[in-house]
Number of protein chains: 2
Amino acid sequence: MDGEGRSIADDSVPSAAETPTLAHVARLAKVSENTVSRVIRNKGPIAPETRLRVNAAIDALGYVPNRAAGSLASSSSPIIGVILPSLSNIVFPEVLRGINAGLIGTSYRPMIGVTDYSLETEQDIISSLLAWHPAAIITTGFEHTTAARRMLEGSRVRIAELMDIDDRPIDLAVGLSHREAGRAMARHLVQRGYSRIGYVGHDWTADRRARLRYEGLCEGLSETGLSLVAEYRTEAPSSTLEGRRALASLLADGAAIDAAAFSNDDMAVGGFMHCMAAGMPVPDGLALMGFNGLEIGQVLPKPLTTVLSNRFAIGKTAIEALLETPQRPQEARIIDTGFSIIEGATA
Amino acid sequence: MDGEGRSIADDSVPSAAETPTLAHVARLAKVSENTVSRVIRNKGPIAPETRLRVNAAIDALGYVPNRAAGSLASSSSPIIGVILPSLSNIVFPEVLRGINAGLIGTSYRPMIGVTDYSLETEQDIISSLLAWHPAAIITTGFEHTTAARRMLEGSRVRIAELMDIDDRPIDLAVGLSHREAGRAMARHLVQRGYSRIGYVGHDWTADRRARLRYEGLCEGLSETGLSLVAEYRTEAPSSTLEGRRALASLLADGAAIDAAAFSNDDMAVGGFMHCMAAGMPVPDGLALMGFNGLEIGQVLPKPLTTVLSNRFAIGKTAIEALLETPQRPQEARIIDTGFSIIEGATA
DNA sequence: CTGTTAGCGCATTCAA
DNA sequence: TTGAATGCGCTAACAG
């Protein structure tokens, strides 16, 4: 006996350790389960007092809808699959931060996967995310395995490809033109009067965008009749440490440059550290320019001249565009979140 | 007509845009759905050839189990709820990286929530994560609202509380003693011969661990007959910029210190930048010590003396301990991932 | 505006 | 070693 005066069949109140279900709420509110469901999802017309009764019952029981059941019944779930190349590079947590910001106030939640820059890993993650029938999948770049592309295109799930807009998206692309950013770097350095420009980069086999910036840089220079006078690429992923080493190597090779364009801010900050340690004045001895606009670059004794890439905005904008249109549209869309030069003191 | 020579009832092959289900696989492999389910979950005895047939059918159809259905039926899901205070502070993405590393090779996926250091937000996130009946929930610290604590304790879900071990966990705690880390900082500075020690910190109303380190620092000093000779706390969250400002303010107030202990590395790196910009020699004019062991501190012209906090290990260890024991054990457990002094060149 | 009727796709009893 | 039956908790038609 777990109740007094209640008939055996009365399970309007869930017993002790039992979690309440729609049925419990429905009974307590004296309506059908369906009505409770409608109230919760804010769907269809509900009489104000009915809504009140239902909400009271929900509160009384501390009812929390079972998402698995909801997803199964509706064959769709309030999950946003988020695929990131890496968590080591601060850039991607910042994108995730934007995604999260765009999700506040909704009942969607990000479910994440990290590819480590492997397209095969991305494919596995896509498959396992699709198993949840998510509302959307957000990934980076336009490169996917054939199987991955087929899965993405074949699903009715909305797809966003972030960071880059220099190619044709499956559904939605949000980011900036890295090629244009590279050209802008070239123009800036030339305008500032530098003419012997070197490039310091990291391994770009997995980082297509770094390569696009490099190409833009070269194009931008050649438009003014210049070209790179020296370049050095490490075989490691980008990091401050690598940047420091790479600039040191480039200079040790005797490169006669007056400015160094780096593949990104991590590398550039490392370069700055090398200059400090080596007693090389910046920018008079050597000008430095990065890409991304990370906080750390702006706290250097001389703020780094760089290109702001708006990572947060990329994530937030993507989510907003995705949630605005739950169905995948006929036409793919591209949203350019742009970039801007941060005029620091190093170039 | 969508097939030739096939009877109307033959749906062993899902039609065009239809995603295959267990039933499709079962029919193709000529076994019951049940058997397919067993093969997939590796449960119960299966005849080798049956397994082969089933796997072949799975591959042929490109079958991917519907997670919502599985979760509903088993009332548990391969989700790890991960609650982080922030994504702006690199420390938490690193913990997430550890969690992700511990999840590789499993079918669990992290579903994340960000509290922005608000306990009320944490409570909401806990409730919405519990709606998925996750395998575990990982959060930080021991402070939760009463309702949140009730939910966590009441659920049969495994709970890990990360970062800190200076209190009693609900189920599992993984981290380090921040109080001890503070004492270690004090001991290190004193051993190095510094005696006029100042403290530079950030807002700790939401960051209990920074406060614990501060208390440990004070205790450690007093054990050697010393005490802080100056301190400055900004009202902002920690950042390099704030660290730079804070040290500048402390020194502008005329503090006569020979060493500054910072609340963390972000603040300490900012302090280093101030010294560089102000022409103050480190460590001879002023010694600096941080906490965390971030990469950026190690790339400064002089590597930062700091305390390594093993964020990656915290995340990875937590996952491993959680997955090892799916049921919540009777006794709560504490795993100390420890810390170690990084003997840099700034103190 | 509300209730009734059917599943969603799988895991979990039980039998065989 | 395998199969048949049952239901997880909810949403989605359709009536009324």
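In this text, all values refer to a predicted model and were calculated from it rather than measured experimentally.

Looking at the interface of chain A and chain B
Argument step 1. Residue-level contacts link 44 residues of chain A with 44 residues of chain B.
Argument step 2. Taking both sides of the interface into account, the surface hidden between chain A and chain B amounts to around 4100 Å²; carbon and sulfur atoms contribute 68%.
Argument step 3. In this assembly, chain A and chain B are joined by zero salt bridges.
Argument step 4. Where chain A touches chain B, the interface holds 15 residue pairs in polar contact (both at pLDDT 80 or more).
Argument step 5. Mapped onto the side of chain A that touches chain B, the elements with two or more residues apiece are helix H4 (67–74), strand E1 (77–84), helix H5 (91–103), strand E2 (109–114), helix H6 (119–130), helix H10 (240–252), helix H11 (265–278) and helix H12 (295–298) of chain A.
Argument step 6. Top contributing element to the side of chain A that touches chain B by residue count: E2 of chain A, with six residues.

Overview of the side chain of Arg158 of chain B
Residue and element names in this part refer to chain B.
Argument step 1. Examined against the element boundaries, Arg158 turns out to sit in strand E4 (residues 158–164).
Argument step 2. Relative accessible area serves as the criterion here: at 4%, Arg158 is assigned to the buried category.
Argument step 3. Polar side-chain contacts of Arg158 include one of 2.8 Å to the backbone oxygen of Thr325.
Argument step 4. When neighbours within four sequence positions are excluded, Arg158 is seen to be in contact with Ala135, Ala136, Ile137, Asp171, Leu172, Ala321, Leu322, Thr325, Pro326, Gln327, Arg328 and Pro329.

Quick word on helix H10 (residues 240–252) of chain B
Argument step 1. In a regular helix each residue adds 1.5 Å, so 13 residues correspond to 18 Å; H10 of chain B covers 18 Å between its end C-alpha atoms and thus fits that length.
Argument step 2. Inspection of H10 of chain B places Thr240, Glu242, Gly243, Ala246, Leu247 and Leu250 of chain B among the buried residues, and these make up the whole buried set. The buried residues of H10 of chain B occupy an angular sector of 155° when projected down its axis, which confines them to one face.
Argument step 3. The inward-facing, buried residues of H10 of chain B abut H12 of chain A together with strand E6 (197–201), strand E7 (230–233), strand E8 (259–262), helix H11 (265–278) and strand E9 (287–289) of chain B.
Argument step 4. Phi for Gly254 of chain B, located one or two positions after H10 of chain B, is positive at around 85°.

Calculation criteria
- Starting afresh in each chain, residues are numbered from 1 along the sequence in its written order.
- Throughout, the order in which chains and ligands are written sets their labels, letters from A for the former and numbers from 1 for the latter.
- Since the coordinates come from a predicted model, pLDDT governs what is reported: local features require at least 70, and pairs of side-chain atoms require 80 or more to be given and counted, while whole-chain, interface and lining totals use all residues.
- With hydrogens and water set aside, each side-chain value is computed from the structure's full complement of heavy atoms.
- Should any heavy atoms of two residues lie within 4.5 Å, those residues are counted as being in contact.
- By buried area we mean the combined loss of accessible area, with a 1.4 Å probe, across both parts when two parts are placed together.
- Definition used for salt bridges: Asp or Glu carboxyl oxygen within 4 Å of a side-chain nitrogen of Lys or Arg.
- Residues adjacent in sequence count toward polar contacts only when both atoms are side-chain atoms; beyond that, a polar contact is any pair of N or O atoms within 3.5 Å, and within protein one must be able to donate a hydrogen and the other to accept it.
- A run of H or I in DSSP becomes a helix once it reaches four residues, and a run of E becomes a strand once it reaches two; helices and strands are each numbered from the N terminus.
- Remark: exposure states derive from per-residue accessible area (1.4 Å probe, protein chains only) relative to the maximum for the residue type, with buried under 20%, exposed over 50%, and partly exposed in between.
- To estimate how far a helix should extend, the number of its residues minus one is multiplied by 1.5 Å.
- Directions from the helix axis toward the C-beta atoms define the arc.

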